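Architecture at a glance
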Amino acid sequence: GNTTLEVTGNLNDATRWAWYSGSCGTGTFIGNGTSLIVSPTTTTTYFVRGEGNCSTATGFCASITITVDAPPNINTQPASQGVC
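What you see is a predicted model, and the numbers here were worked out from it, not measured in a lab.

Turning to the state of the cysteines, a few remarks are in order. Applying the stated criterion across every chain yields a total of one disulfide. With its sulfur 1.3 Å from that of its partner, C24 forms a disulfide with C61. Remark: C61 occurs in the loop between strand 5 (44-51) and strand 6 (62-66) and C24 occurs in the loop between strand 2 (16-21) and strand 3 (28-32); sequence separation between them is 37 residues. A relative accessible area of 24% places C24 in the partly exposed class.

Here we take up the pairing of strand 4 (residues 35-38). Side chains L36 and V38 project from strand 4 onto a buried face, and the interleaved S35 and I37 project onto a face without burial. Here four bridges tie strand 1 (residues 3-6) to strand 4, and the two strands are oriented antiparallel to one another. Looking at strand 4, one finds that T3 is bridged to V38.

What counts and what doesn't
- Residues numbered from 1 in each chain as written.
- Predicted model: local features only at pLDDT ≥ 70, side-chain atom pairs only at ≥ 80, totals over all residues.
- Heavy atoms only, no water.
- Disulfide = S-S within 2.5 Å.
- Helix = DSSP H or I, 4+ residues; strand = E, 2+ residues; numbered from the N terminus.
- Buried < 20%, exposed > 50% of the residue type's maximum accessible area, 1.4 Å probe, protein only.
- Pairing = 2+ DSSP bridges.

Right under this line is the structure:
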């Protein structure tokens, strides 16, 4: 399902929060803002950091791992076998 990721804190000299998956800053960019809705299908680690402006140093990253459990393995019996 969907999960909302949120960040609070001080951007210092940065102008926006940038979200990534895989790794901080060099991973896959997935959006900007203080919150982001994600729908991972496998266990995924997300990273957020302040970016932008004329700052030469980007901010520290915060990360969170969303664990996706495998769906249960449900065995069904054909109707002709009649399970009580």
